[in-house]
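# Close look at the chain arrangement
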Amino acid sequence: MQINNHQYQIQNIPVLEIAQQFGTPLYVYDADKIVEKINQLRGAFPQINLKIKFACKALTNISILKLMRQNGVEIDVVSPQELQLALHAGYEGSQVTFTPSGVSFDEIEAAVAVGSMINLDNLIVLEKFGQRYGGNVPCMIRIKPNVAAGGNAKIMTAHEGSKFGIDIRQREEILTIVNQYGINVVGLHQHTGSDIKEADAFVRAADVIFDFAQSFPNLQIIDLGGGFKVAYKKGDHITNMPELGAQLSEAFLNLSKKLGHELQLWFEPGKFLVSEAGLLLVQANVVKPAPSRTFVGVNSGLNHLIRPMMYDAYHHIVNVSNPEAEKTGVYDVVGYICETDTFAKDREINEVHEGDVLALLNAGAYGFTMSSHYNSRFRPAEVLVYQGKA
Ligand code: LLP
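These lines cover the structure that appears in this document, whether it is placed above or below. Here the structure is a predicted model, which is why all the values come from computation and not from measurement.

For an α-helix, the turn length of 3.6 residues means that residues three or four places apart are oriented alike. Listing the buried residues of helix α5 (residues 105-113) in full gives F105, I108, A111 and V112. Seen end-on, α5 carries its buried residues on one side only, within an arc spanning 120°. Facing away from the buried side of α5, by more than 90 degrees, are the exposed residues D106 and A113. Elements that come into contact with the buried residues of α5 comprise α4 (80-88), β7 (96-98), β8 (117-120) and α6 (123-133). Looking one or two places after α5, you find G115, whose phi comes out positive at around 85°.

Attention now moves to the sheet that holds strand β1 (residues 2-4). The strand order across the open sheet built from three strands is β1-β2-β3, with neighbouring strands paired in antiparallel fashion. What marks the edges here is a single partner per strand, and that holds for β1 and β3 (13-14). Of the strand pairs in this sheet, β1 and strand β2 (residues 7-10) are connected by three bridges, and their pairing is antiparallel. From the neighbouring strand, I3 faces β2, where its bridge partner is Y8.

Near the ligand you find 17 residues, and of these S194, E268, K271, R307 and Y366 are the closest. The contact in question runs from an oxygen atom of the ligand to an N or O atom on the backbone of G227, over 2.8 Å. The side chain of R307 places a nitrogen or oxygen atom 2.6 Å from an oxygen atom of the ligand. Relative to its free-state accessible area of 580 Å², the ligand is covered by the protein chains to the extent of 93%. Mapping the ligand onto the cavity grids shows that it belongs to the largest pocket. Considered class by class, the residues forming the shell around the ligand number six nonpolar, six polar and five charged.

Calculation criteria
- Residues numbered from 1 in each chain as written.
- Predicted model: local features only at pLDDT ≥ 70, side-chain atom pairs only at ≥ 80, totals over all residues.
- Heavy atoms only, no water.
- Buried < 20%, exposed > 50% of the residue type's maximum accessible area, 1.4 Å probe, protein only.
- Helix = DSSP H or I, 4+ residues; strand = E, 2+ residues; numbered from the N terminus.
- Arc of directions from axis to C-beta.
- Contact = heavy atoms within 4.5 Å.
- Pairing = 2+ DSSP bridges.
- Near = heavy atom within 4 Å.
- Polar contact = N/O pair within 3.5 Å; in protein donor to acceptor, adjacent residues only side chain to side chain.
- Areas by Shrake-Rupley, 256 points an atom, 1.4 Å probe, with all protein chains shown as cover.
- 1 Å grid on protein atoms, 1.4 Å probe; cavity = no way out; pocket = protein on both sides within 12 Å on 5 of 7 lines; lining within 4 Å.
- Sits in = over half its atoms within 2 Å of the grid points.
- Nonpolar A, V, L, I, M, F, W, Y, C, P; charged D, E, K, R; others polar.

If you want it as structure tokens, here you go:
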């Protein structure tokens, strides 16, 4: 979203017009931004055989999935329902990776049945996989490298106490099961967490995987998950992609040399691809002065965007109706849900009047997909701006 001709626009369409046409609350996504991010990620790994697998838990809108597919991005799913959505968007089963956490074996069988790659995340399921398929079905193993990184404790996944993956200290048990059943392990996977800004954390976690990879002479794939940090706030430190690309590429090419063949490097970003492309448009129902503060009550709430309440996440808010106001105010922007439901506290925003449309930025990832019908309210509609049309 940029300011052009004194108004906020996406691909030259005034955002206010979109709000008027479709109503609020409304999620709006910018296809150009998503394509820009795909190219940015590819551009960081020019020497590598790279595959991007969109972690669609971040945003499963069918038009977004089709956009990813058109741009050569494959897909990572975590449930049979996401798998169905991927197939519905036109993906072949073989382009889908299933990376579940502690699911029943029939979910794994269903994904194998459509030809998806499975990331096996515990020893029990690895053994069941061996008993059921022997060496007939290629698979990957999710390792927990015991590296703690991520924006907050709720979104870390690779530290010592985390439920995800098979602890690297169980490497001998993994190899025993793999050898016993002749399991065809073609890839190793790890995902460190979300909102990771230090390139160094990715490299430390990758080193653990690269080291273990040498136990699998026929390995084809290293999947390093997602977790790249985007800027939610001005001045936020973000993952430095060129630096990360350079550091990881070097270590990855060394591993390929050691194994004596070229490997594929996979990533599964969610936020990096779609966060900045999305915004949530809401309308001010009431501007409510109180002795200590002024509340702006909007026609949305934690039922539509739970990240502020769940993770204390910062989402920048702009007054789309008042882009160049001379006066600003300091507000608590709150939702209409019947419990404490705060989008922003003490936030300076261009002066807000009843009826103004506000945009919560960076809402493309884990916005709509984590929304609910709490208070029996509807979810927002979703609009994609694609080739200059909403
Ligand atoms: N791969 C795996 C196995 C994952 O568990 C995740 C996210 C990703 C990839 C993508 O991570 P990303 O690139 O989006 O950081 N709801 C939280 C984020 C939870 C992430 C869960 N796993 C939030 O809104 O911050």
